[in-house]
Amino acid sequence: LTECGKDASGNILYCFGQPAATPVPPQCPAGCVCMNKVEAEKLGYTLCNGQIIECGNDAGGIPMYCYQKAAMPETKHVPGKLIIEPAQDRNPVGTQHTLTFTLYDTNGQPLPYMRIYISHTGANTLAPIELVTDASGKNSYSYTGNKVGTDFITAKVDNLVASATKEWYAQTTEVTPNIPGRIVINPPIDRNPVGTTHTLTITVYNTSGKPMPNARVRITHSGTNTHLPAELTTDDNGIVRYSYSGNKAGMDTLTVSLGTISATATKEWYEQTTQIKPAKITLTPVNASNAPGKLHTVTATITGSDGKPMGGVDVTFSITGVNNFARHATTDTSGRASISYTSKKEGKDTITATAGGLKATATKWWEIIE
């Protein structure tokens, strides 16, 4: 210590130096971001301007550096493939037919703003047509065939050629009698606790396979829980619903009949001695990557304390990261509840699903996939 005098009270004074300033991590240049090496590799980023520039440490003490998006190599777009959809089709005379043309470059990418030359020959001849592909490499046009026969459509772009054929046939009016052909019951097999309500959805189809409205069906019961026969009429979609409660444990068989056709369903009623609670929750997929703008779906599955999928459970989905929001969904009879969302930004989301004190997490990376 070096003495340098005394103060007014006679205390000895000493010489001290100023403390060193806390170093400030350098900022990244414009167009570059600060992240660790693992994050940069996931996003396909490269060192900022090709230089190693430290910009601090992350929460785990891992050094972070300045990175930027990798430059995309310039690609020369040369027509490589031309597709006409549908390549073959068949329509009645007097109706409209639509052709869609898609052009790809030699790298398999849609090729926009290119001129396509189209010619028609055959039963219905048209003047030559020119189309220009849109931003997605597509364009289409429609025409009506007024003569029976086959048309040949040829499309050209530079040296590429694609062709399609269209058959036009005379349409005859045929009236199909509305005769019952089939009855479908959903669910055909089910299991419910005693004292709850069970609903059957009954659909009637005619012999042409179309839903049959205003069809009067008869429903009869046999088994543990017997009920008087019921008669119900299908709606405009050929559907009618029937509900009943089972007050005894055991098996019921329900028969739905209409004329000479019928269908059956079975229902098991069981005594519920203990309350079933959510026991396990899982999320799928656990890890996923999508390009921004693409739809991502995550599904939570709830298993009850009886070891079976549990329906009717409210699940909360919390998304944190580059996107921050929450949504709710209720599990179906298979114990599943799903949400779908997309992102406008690149980066990482953590998806947390909670239900009845249970929790599961999944990770979602939003990144451009080359």
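Residues numbered from 1 in each chain as written. Predicted model: local features only at pLDDT ≥ 70, side-chain atom pairs only at ≥ 80, totals over all residues. Heavy atoms only, no water.

Observations concerning the confidence of the model for the protein
Looking at the protein, pLDDT values average 88 and 93% of them are 70 or higher. Ranking the helices and strands of the protein by mean pLDDT puts strand β29 (residues 347-355) first, with 95, and strand β2 (residues 12-14) last, with 76. (pLDDT = per-residue confidence, 0-100. Helix = DSSP H or I, 4+ residues; strand = E, 2+ residues; numbered from the N terminus.)

Section: the layout of surface pockets
Its boundaries defined by the atoms lining it, the largest pocket holds a volume of some 640 Å³. Every element with two or more residues in the lining of the largest pocket is listed here: β16 (189-193), β17 (197-206) and β22 (261-270). When its residues are assigned to classes, the lining of the largest pocket shows six nonpolar, ten polar and six charged. (1 Å grid on protein atoms, 1.4 Å probe; cavity = no way out; pocket = protein on both sides within 12 Å on 5 of 7 lines; lining within 4 Å. Points joined across faces, edges and corners; volume = space filled by probe spheres on them. Nonpolar A, V, L, I, M, F, W, Y, C, P; charged D, E, K, R; others polar.)

Focus on the state of the cysteines
Enumeration over the complete set of coordinates arrives at three disulfides. Residue C28 pairs covalently with C66 via a disulfide, S to S 2.1 Å. Sign of the S-S torsion, about -90 degrees for the bond between C28 and C66, identifies this disulfide as left-handed. Residue C28 is located in the loop between β2 and β3 (33-35), and its partner C66 is located in strand β6 (residues 63-69); the two are separated by 38 residues in the primary sequence. The residue that forms a disulfide with C32 is C48, at a sulfur-sulfur distance of 2.0 Å. Since a negative S-S torsion denotes a left-handed disulfide, the C32-C48 link at about 70 degrees is right-handed. Residue C32 is found in the loop between β2 and β3, and its partner C48 is found in the loop between β4 (45-47) and β5 (54-57); the two are separated by 16 residues along the sequence. Of the two residues, C32 and C48, both sit in the buried class. (Disulfide = S-S within 2.5 Å. Buried < 20%, exposed > 50% of the residue type's maximum accessible area, 1.4 Å probe, protein only.)

A few points about unusual backbone geometry
Omega for the peptide link from N186 to P187 comes to -5 degrees, which places this bond in the cis form. Mapping P187 onto the fold places it in the loop between β15 (180-186) and β16. Here the residue pair T284 and P285 is connected by a cis peptide bond, since its omega of -5 degrees sits within 30 degrees of zero. Structurally, P285 can be placed in the loop between β23 (278-284) and β24 (287-290).

Some points on the nonpolar core
I281, L283, V315 and F317 are the most contacted members of the largest nonpolar core, which totals 22 residues. Here this core gets four residues from one element, more than from any other, and that element is strand β30 (residues 358-366). Beyond its immediate chain neighbours, meaning those up to four positions away, L283 contacts V298, T299, A300, F317, I351, A353, A360, T361 and A362. Core analysis: the second largest hydrophobic core is formed by 20 residues, L200, I202, I261 and A265 among them. (Core = buried A, V, L, I, M, F, W, Y, C linked by side-chain atoms within 4.5 Å. Contact = heavy atoms within 4.5 Å.)

A short note on the pattern of salt bridges
Enumeration over the complete set of coordinates arrives at eight salt bridges. Across the salt bridge formed by E130 and R115, the nearest N and O atoms sit 3.2 Å from each other. Separated by 15 residues along the polypeptide, E130 in strand β11 (residues 129-132) and R115 in strand β10 (residues 115-122) bring together distant segments of the chain. What makes R115 partly exposed here is its relative accessible area of 41%. Between R191 and E268 there is a salt bridge, and its shortest N-O distance comes to 3.5 Å. Here the residue R191 occupies a position in strand β16, and E268 occupies one in strand β22, the gap between them amounting to 77 residues. Accessibility expressed as a relative area gives 35% for R191, which makes it partly exposed. Among the residues examined, E268 registers a relative accessible area of 30% and is labelled partly exposed. Among the charged side chains, a network of salt bridges with common partners joins R216, R218 and E231. (Salt bridge = Lys/Arg side-chain N within 4 Å of Asp/Glu carboxyl O.)

Some remarks on the packing of aromatic side chains
This model, assessed by the stated rule, comprises seven aromatic pairs. When the centroid spacing of 5.6 Å and the interplanar angle of 75 degrees are considered together, the rings of Y244 and W269 count as edge-to-face. Note that Y244 is positioned in strand β20 (residues 239-245) and W269 in strand β22, a separation of 25 residues in sequence. By relative accessible area, W269 is classed as buried at 2%. Ring geometry for Y341 against W366: centres 5.5 Å apart, planes inclined by 70 degrees, an arrangement best described as edge-to-face. Highlighted residues: Y341 in strand β28 (residues 336-341) and W366 in strand β30, separated in sequence by 25 residues. The same class applies to Y341 as to W366, namely buried. The structure contains a cluster of three or more aromatic residues connected by ring pairs, namely F101, Y141, Y143 and W168. The ring of W168 carries K166 above its face, with NZ or CZ at 5.0 Å from the centroid. Taking NZ or CZ as reference, K267 lies 5.1 Å from the ring centre of W269, over its face. (Phe/Tyr/Trp six-rings, centres within 6.5 Å; stacked < 30°, edge-to-face > 60°. Lys NZ or Arg CZ within 6 Å of the ring centre and 35° of its normal.)

Digging into a nonpolar patch on the surface
A contiguous nonpolar surface patch, about 330 Å² in accessible area, is contributed by I12, Y14 and F16. Examined against the element boundaries, F16 turns out to sit in the loop between β2 and β3. Residue F16 is classed as exposed on the basis of its relative accessible area, which comes to 71%. (Patch = residues over 30% accessible without salt bridge, like charges linked within 9 Å, V, L, I, M, F, W, Y side chains within 5 Å. Areas by Shrake-Rupley, 256 points an atom, 1.4 Å probe, with all protein chains shown as cover.)

Focus: the side chain of N290
With respect to the helices and strands, the residue N290 is situated in strand β24. A polar side-chain atom of N290 sits 2.3 Å from a polar atom in the side chain of K364. (Polar contact = N/O pair within 3.5 Å; in protein donor to acceptor, adjacent residues only side chain to side chain.)

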